[in-house]
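Architecture and fold: a report
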Amino acid sequence: MDVIAELAGLIGADAVLTAPSDLEAVTEDWRGRYRGPALCLARPATAEQVAAVVRCCARHGVPVLPQGGNTSLCGGAVPSESGPAPVILSLTRMRAVRAIDPVNNTMEVEAGCVLATVQDAAAAAGRLYPVSLGAEGSCQIGGTIATNAGGTSVLRYGNTRENVLGLEVVLADGTIWSGLYGLRKNNTGYDLKHLFIGSEGTLGIITAATLKLHPLPTRHAVAWVGMASPEDALTLLTRVQGRSAARLSAFEMINRLQLDLVVDHVPGRRSPIESEAEWHVLIELSDNGSGDALDAELQAILEDAFADGLLSDAALAASEAQRHAMWEVRHSVSEANKKAGVGLTTDCAVPLSAVPAFIRGATAAVHALVPDLPVIVVAHLGDGNVHFIPFFTFDAWAAAGKGGAGNGNGEGGGRDALAAALRHAVNDEAARLKGTFSAEHGVGRVQLAEMERYKPAAELALMRAVKQALDPQGIFNPGRLLPPG
Ligand SMILES: Cc1cc2nc3c(=O)[nH]c(=O)nc-3n(C[C@H](O)[C@H](O)[C@H](O)COP(=O)(O)OP(=O)(O)OC[C@H]3O[C@@H](n4cnc5c(N)ncnc54)[C@H](O)[C@@H]3O)c2cc1C
């Protein structure tokens, strides 16, 4: 029996899709840059069915590619154009919020739950699941765990890794590991969940998780600030941290070009301030209690900063609608950039104190390759995470592609080499400042060459040993995360 027929027997014919119209959306990434053929899309409804799919694929030697919301920005969730076509395994039928324990501050959810659904369910119980990012309306909790997603509240609450207490995972031999602990303390040897968090589907299929919850803030103060330089933004960050301590929940920075692209390309978005400032910062304080003390606190900080010449303009959100509108601008950056042209997204992190030097150095390195190329900067500044994005209009990108053979993935011809050179230039600058090329999006396929370039050989060898131990046949997500040995 062939693998598709066998899968249909195991999980039901209607849960195994092969029609081109069903596969179209799952075989191409969110930005339309990467695509490749799949054998089929399997949609199991339980962990047992996931295990049956994995065992069947292992028997047939067919790769398994787990896919969440398919919002990966590094080509991690779609098949390669060459090599054996995988079974794409989707958990969209595993979306239950199984339990919320407000006393233990935990919730247990199936991995196919959309992140926004998890946030809403926690909020309905008076709790906060703090991981928040622009794709939260479509990415799944399993995908965020598999990539150890960051987002806009890492500064206060940590990455996804800090907000996961337990996991259920289907292993390569079909064993279901049930590690859904809801414990803050558990020193019983190796903490296995951490192997799977950030493993990008290469070690097992995450089918459920126990998440850590926090008190739901009841008050928020949000401001949008225009500034002259990243140095000034860092000074302001230090001041806000000094005065508001843990109440600071976000400190995000974008450059002028990024703001203009959002305003020009995403309907309904407006600049929160009338300003020619080169740098724009969104600050959020949050807290529990009532009253407008938080607004007053942020206003006082901004007035002092204004008096000291640190900022040129600022607007404090005066209503829930204004707060929402400011966040909408920030969360629209990826959509705007996708519509506006081709951005070569990078995902660096450097020590906070090195951020201005990184932005200066990366700009110079990019301009040494392509003079005057526009660059977009989107920074989770509070985390030292800078998406430094060399940016081409569609016309400029087409012109850059003359000559050479392409890979058919949107970076074809001479553009492959150019894109690689530009990314290396930016990532070299991060490495020089003791930073990383991959802060939150993961490695996927886009960053494979960087893994070889920057990861110490000893670390790669250890990672290969882990992969060999957990997935000796190499069926999970081949060609992702780990460069060939
Ligand atoms: C508009 C936009 C904004 C974004 N903003 C941010 C941001 O601020 N911070 C950030 O960190 N990322 C961001 N991202 C990237 C992306 O949303 C995250 O990486 C997210 O965590 C991916 O989740 P997903 O469910 O879409 O996973 P997918 O893209 O489907 O998959 C990502 C990887 O996880 C694996 N995987 C998926 N589900 C499972 C599972 N159940 N078990 C095992 N492996 C699995 C896949 O094989 C793949 O390797 C953004 C993306 C977009 C489009």
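Residues numbered from 1 in each chain as written. Predicted model: local features only at pLDDT ≥ 70, side-chain atom pairs only at ≥ 80, totals over all residues. Heavy atoms only, no water.

Thoughts on the overall build of the chain
As a reminder of what qualifies: Counting from the N terminus, the helices are DSSP H or I runs at least four residues long and the strands are E runs at least two residues long. It is over C-alpha atoms that the radius of gyration is taken, and the globule rule equals 2.2 Å times the number of residues to the power 0.38. Under the scheme applied here, a residue whose accessible area is under 20% of the maximum for its type counts as buried, over 50% as exposed, and between as partly exposed, the area being computed with a 1.4 Å probe on protein chains only. Residue contacts follow a heavy-atom distance rule, with two residues in contact if any of their heavy atoms lie within 4.5 Å. Each accessible area value is a Shrake-Rupley result obtained with a 1.4 Å probe; residue values ignore everything except the protein chains displayed when judging cover. In this tally, Asp and Glu contribute negative charge and Lys and Arg positive charge; neither His nor the terminal groups of the chain are included. To locate a charge, take NZ of a lysine, CZ of an arginine, CG of an aspartate or CD of a glutamate.
For the chain, the count of helices and strands is 17 helices and 19 strands. For the chain, whose C-alpha radius of gyration is 23 Å, the value lies close to the compact-globule estimate of 23 Å for 485 residues. A principal-axis box enclosing the C-alpha atoms of the chain has dimensions of 75 × 60 × 45 Å. By the burial criterion, 54% of the 485 residues in the chain qualify as buried. Partitioning the intrachain contacts of the chain with sequence separation of at least 6 by distance along the chain shows that 74% fall at a separation of at least 24. With an accessible surface of roughly 19400 Å², the chain has 55% of that area assigned to carbon and sulfur atoms. In the chain, which carries 39 positive and 52 negative side-chain charges, the distance between the mean positions of the two groups comes to 4 Å.

Comments concerning the environment of Asn-104
Rules: We define a polar contact as two N or O atoms separated by no more than 3.5 Å, with the added condition that, inside protein, one atom must be a possible hydrogen donor and the other a possible acceptor, whereas residues neighbouring each other in sequence contribute only through side-chain atom pairs.
In this structure, Asn-104 sits in the loop between strand 5 (97–101) and strand 6 (106–110). With 110 residues separating them in the primary sequence, Asn-104 and His-214 have C-alpha atoms 10.0 Å apart. With near-sequence residues (within four places) excluded, Asn-104 lies in contact with Gly-182 and Arg-184. Engagement of the side chain of Asn-104 in a polar contact is seen with the side chain of Thr-106, the distance being 3.2 Å.

Some details on the sheet that holds strand 1 (residues 16–17)
Note the cut-off: Pairs of strands are assigned from DSSP output, requiring at least two bridges between the strands.
Strand order across the open sheet formed by four strands is 1-2-4-3, with mixed pairing between neighbours. Both edges of this open sheet fall to strand 1 and strand 3 (64–67), since each of them pairs with a single strand only. Looking at chain direction, strand 3 and strand 4 (residues 87–90) are connected through four bridges and run parallel. Bridged to Val-64 within strand 4 is Val-87.

Let's talk about the packing of helix 9 (residues 256–265) against helix 12 (residues 333–340)
Convention followed: To obtain an axis, a line is fitted to C-alpha atoms, over the contacting stretch when the element is a helix, and the angle between two such axes runs from 0 to 180 degrees between their N-to-C directions. Here is the rule for angles: anything less than 35 degrees is roughly parallel, anything more than 145 is roughly antiparallel, 65 through 115 is roughly perpendicular, and the remaining ranges are oblique. Under the scheme applied here, ten amino acids are nonpolar (Ala, Val, Leu, Ile, Met, Phe, Trp, Tyr, Cys and Pro), four are charged (Asp, Glu, Lys and Arg), and all others, including Gly, are polar.
Running from N to C, helix 9 and helix 12 cross one another at 75°; their axes reach a closest spacing of 8 Å. The angle between helix 9 and helix 12 falls in the class roughly perpendicular. Of the residues in helix 12, those in contact with Gln-258, Leu-261, Val-262 and His-265 of helix 9 are Val-333, Ala-336, Asn-337, Lys-339 and Ala-340. Of the residues assigned to the contact of helix 9 with helix 12, the class counts are five nonpolar, three polar and one charged.

With respect to the sheet that holds strand 5
Strand order in the open sheet formed by five strands is 5-6-10-8-9, and the pairing between neighbours is antiparallel. Both edges of this open sheet fall to strand 5 and strand 9 (176–179), since each of them pairs with a single strand only. Recorded for the sheet is a direction-independent mean angle of 10° between the axes of neighbouring strands. Contacts between helix 3 (residues 47–60) and the sheet are confined to strand 8 (164–170), strand 9 and strand 10 (205–212), with strand 8 contributing the most and set at about 50° to the helix.

Let's talk about the nonpolar core
Applicable threshold: To qualify as a nonpolar core, a set must consist of buried Ala, Val, Leu, Ile, Met, Phe, Trp, Tyr and Cys residues joined through side-chain atoms within 4.5 Å. Domain start and stop points were drawn from an automatic or database domain assignment.
Ranked by internal contacts, the top residues of the largest apolar core, which has 52 residues, are Tyr-129, Ile-141, Ile-145, Leu-167, Ile-205 and Leu-211. Sort the elements by how many residues they give to this core and helix 3 lands first, with seven residues. The residue makeup of this core includes at least three contributed by each of domain 1 (3–92) and domain 2 (97–215). The contacts of Leu-167, once residues within four sequence positions are left out, are Ile-145, Trp-177, Ser-178, Gly-179, Leu-180, Lys-193, Phe-196, Ile-197, Ile-206, Ala-208 and Ala-209. Counting 48 residues, the second-largest nonpolar core is a separate cluster that includes Leu-234, Leu-310, Val-370 and Val-377.

A short note on the site of the ligand
What counts here: By convention in these notes, a residue is near a molecule or strand provided one of its non-hydrogen atoms lies within 4 Å of it.
Around the ligand sit 35 residues, and of these Pro-66, Gly-68, Gly-69, Thr-71 and Ser-72 come closest. With respect to the ligand, the side chain of Thr-71 contributes an N or O atom lying 2.7 Å from an oxygen atom. Ile-206 has a polar backbone atom sitting 3.0 Å from a nitrogen atom of the ligand. Within the complex, 96% of the 980 Å² of free accessible area of the ligand lies under protein. Every element with two or more residues in the shell around the ligand is listed here: strand 3, helix 5 (141–146) and strand 10. No other element matches the four residues that helix 5 contributes to the shell around the ligand. Its residues assigned to classes, the shell around the ligand shows 12 nonpolar, 21 polar and two charged.

A short note on the packing of aromatic side chains
Operational definition: Classification of ring pairs uses Phe, Tyr and Trp, with its six-membered ring standing for Trp, and accepts pairs whose centres are within 6.5 Å; under 30 degrees between planes counts as stacked, over 60 as edge-to-face, and the remaining range as tilted.
Enumeration over the complete set of coordinates arrives at four aromatic pairs. Ring geometry for Phe-358 against Phe-388: centres 6.1 Å apart, planes inclined by 70°, an arrangement best described as edge-to-face. Here Phe-358, found in helix 13 (residues 355–369), pairs with Phe-388, found in strand 19 (residues 385–393); they are 30 residues apart in sequence, far enough to count as distant. Exposure class is identical for Phe-358 and Phe-388. Each is buried.

Digging into the domain arrangement of the chain
Here the chain is described as being made up of domain 1 (3–92), domain 2 (97–215), domain 3 (219–333) and domain 4 (344–445). Between the C-alpha centres of domain 1 and domain 4 there is a distance of 31 Å.

What about the UniProt feature "domain: FAD-binding PCMH-type" (unreviewed entry) in the chain?
What counts, and what does not: UniProt positions are given in the numbering used here, feature names are shortened, and annotations may be inferred rather than shown by experiment.
Here, UniProt's "domain: FAD-binding PCMH-type" (unreviewed entry) annotation points to residues 34–216. In residues 34–216, the share of helix is 21% and the share of strand is 24%. The end C-alpha atoms are 38 Å apart.

Re the packing of helix 8 (residues 230–244) against helix 13
Selection criterion: Put simply, a crossing is left-handed when the front helix is turned counterclockwise from the back one by less than a right angle, and right-handed when it is turned clockwise.
The contact between helix 8 and helix 13 brings their axes to 8 Å, and the two run at 160°. By the angle between their directions, the pair helix 8 and helix 13 is classed as roughly antiparallel. Here helix 8 runs over helix 13; the crossing is right-handed. Between helix 8 and helix 13, the contacting residues are Pro-230, Glu-231 and Leu-234 on the first element and Pro-356, Ile-359 and Arg-360 on the second. Of the residues belonging to the contact of helix 8 with helix 13, the class tally is four nonpolar, no polar and two charged.

Quick look at the pattern of salt bridges
Pairing is possible between side chains that carry opposite charge, provided their charged atoms lie close to one another. Heads up, the condition is: Salt bridges are defined by distance alone: a side-chain nitrogen of Lys or Arg within 4 Å of a carboxyl oxygen of Asp or Glu.
In the structure shown here, the tally under the stated rule is 22 salt bridges. With its nearest N and O atoms 2.7 Å apart, the salt bridge here joins Arg-35 to Glu-28. Classification of Arg-35 as partly exposed rests on a relative accessible area of 31%. For Arg-243, the salt bridge is made with Asp-304, and the minimal N-O distance between the two is 2.8 Å. Residue Arg-243 is found in helix 8, and its partner Asp-304 is found in helix 10 (residues 293–307); the two are separated by 61 residues along the sequence.

So, the side chain of Asn-148
Tracing the sequence through the fold places Asn-148 in the loop between helix 5 and helix 6 (154–157). A distance of 3.5 Å separates the side chain of Asn-148 from the backbone nitrogen of Thr-160, its partner in a polar contact. Once residues lying within four places of it in the same chain are set aside, the contact partners of Asn-148 are Asn-159, Thr-160, Arg-161, Ile-197, Gly-198 and Glu-440.

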